[in-house]
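One-letter residues, chain by chain:
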Amino acid sequence: MFTIGDHIIYSAHGLCRIDDIRDETVSGVTKKYYKLHPLENTLVTISTPVDNEKVVMLKLLQKEEALAIVESFKQDGAEWETQPNSRLKQYSELINSGDRLQIAKVVNTLMRKKFDAQLEKTTLYERDYKLLNNTQIILFKELARALDTSFEEINKQINDLIKNDQPLPTS
């Protein structure tokens, strides 16, 4: 269980702070609820039961874990599934697992496919692009916080790792 003041990763909202934990009655049932808000948008307040198993709530990465995840971008990512629907299902399951290394593998693969598409003057499949964009933002912001740097610096560092591993275009 988290405590008031903890910073966490909360599903699609990303970095959040727990502002309160209190009992609330909804539909005649009283439960403990977290009250939290995304760090990027303090106007939004989220209320979720403490025992809610449908959403992912994770402690923030520590520095050593974050460094290992950044290093993982030097390796191949997740396996590429050629069928878009199967790929979306497979990658969504990996992301929803909350395992940051698996999440990084998905981001790694999609970033590499995006670079390949740019080299070939094509575009990434729309669902892949949306999945990459949403997941990359949350992961990179968490890495930046753990490594006491900026999102932009993490983004540049990881893009450089991937671009340096890409084959040179042929004329």
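Relevant structure appears above.
First, a word on what this report is: a plain description of the structure on this page. (Residues numbered from 1 in each chain as written. Predicted model: local features only at pLDDT ≥ 70, side-chain atom pairs only at ≥ 80, totals over all residues. Heavy atoms only, no water.)

Considering the overall build of the protein
Inference 1: Within the protein, the secondary structure is distributed over five helices and five strands.
Inference 2: The N-to-C order of helical and strand elements in the protein reads β-β-β-β-β-α-α-α-α-α.
Inference 3: For the protein, the spread of C-alpha atoms along the three principal axes comes to 65 × 35 × 25 Å.
Inference 4: In the protein, the share of contacts with a sequence separation of at least 24, taken over all contacts with a separation of at least 6, comes to 51%.
Inference 5: Working note: accessible area of the protein is about 10,400 Å², and carbon and sulfur atoms make up 49% of it.
Inference 6: Distance between charge centres in the protein, computed from 23 positive and 26 negative side chains, equals 3 Å. (Helix = DSSP H or I, 4+ residues; strand = E, 2+ residues; numbered from the N terminus. Contact = heavy atoms within 4.5 Å. Areas by Shrake-Rupley, 256 points an atom, 1.4 Å probe, with all protein chains shown as cover. Lys, Arg positive; Asp, Glu negative; His and termini not counted. Charge placed at Lys NZ, Arg CZ, Asp CG, Glu CD.)

Looking at helix H3 (residues 100–119)
Inference 1: The end-to-end C-alpha distance of H3, which contains 20 residues, comes to 28 Å, matching closely the 28 Å that a straight helix rising 1.5 Å per residue would cover.
Inference 2: For H3, every residue scored as buried is listed here: Arg100, Ile103, Ala104, Val106, Val107, Asn108, Thr109, Leu110, Met111, Arg112, Phe115 and Ala117.
Inference 3: In this structure, the buried residues of H3 make contact with strand E1 (7–10), strand E5 (57–59), helix H1 (63–72), helix H2 (84–96), helix H4 (126–146) and helix H5 (151–164).
Inference 4: Where H3 begins, the side chain of Asp99 points an oxygen toward the backbone nitrogen of Leu101, at a separation of 3.0 Å. (Expected span 1.5 Å × (residues − 1). Buried < 20%, exposed > 50% of the residue type's maximum accessible area, 1.4 Å probe, protein only. Polar contact = N/O pair within 3.5 Å; in protein donor to acceptor, adjacent residues only side chain to side chain.)

Digging into the pattern of salt bridges
Inference 1: All told, the structure shown has twelve salt bridges when counted by the stated rule.
Inference 2: Here Glu40 and Lys141 are joined by a salt bridge, their closest N and O atoms 3.3 Å apart. Here Glu40, found in the loop between strand E3 (29–38) and strand E4 (46–49), pairs with Lys141, found in helix H4; they are 101 residues apart in sequence, far enough to count as distant.
Inference 3: Taking relative accessible area as the criterion, Glu40 reaches 64% and is therefore assigned exposed.
Inference 4: Put simply, Asp20, Arg22, Glu24 and Lys35 are held in one network by salt bridges that share partners. (Salt bridge = Lys/Arg side-chain N within 4 Å of Asp/Glu carboxyl O.)

What about the packing of aromatic side chains?
Inference 1: Counted by the stated rule, this structure contains four aromatic pairs.
Inference 2: Measuring from centroid to centroid gives 6.1 Å for Phe73 and Phe140, while their planes differ by 75°, and the two rings are edge-to-face. Here Phe73 is found in the loop between H1 and H2, whereas its partner Phe140 is found in helix H4, with 67 residues between them in sequence. As far as burial versus exposure is concerned, Phe73 and Phe140 are alike and both buried.
Inference 3: Members of the aromatic cluster, each reached through a chain of ring pairs, are Phe73, Phe140 and Phe151.
Inference 4: Its end group placed over the ring of Trp80, Lys113 keeps NZ or CZ at 4.6 Å from the ring centre. (Phe/Tyr/Trp six-rings, centres within 6.5 Å; stacked < 30°, edge-to-face > 60°. Lys NZ or Arg CZ within 6 Å of the ring centre and 35° of its normal.)

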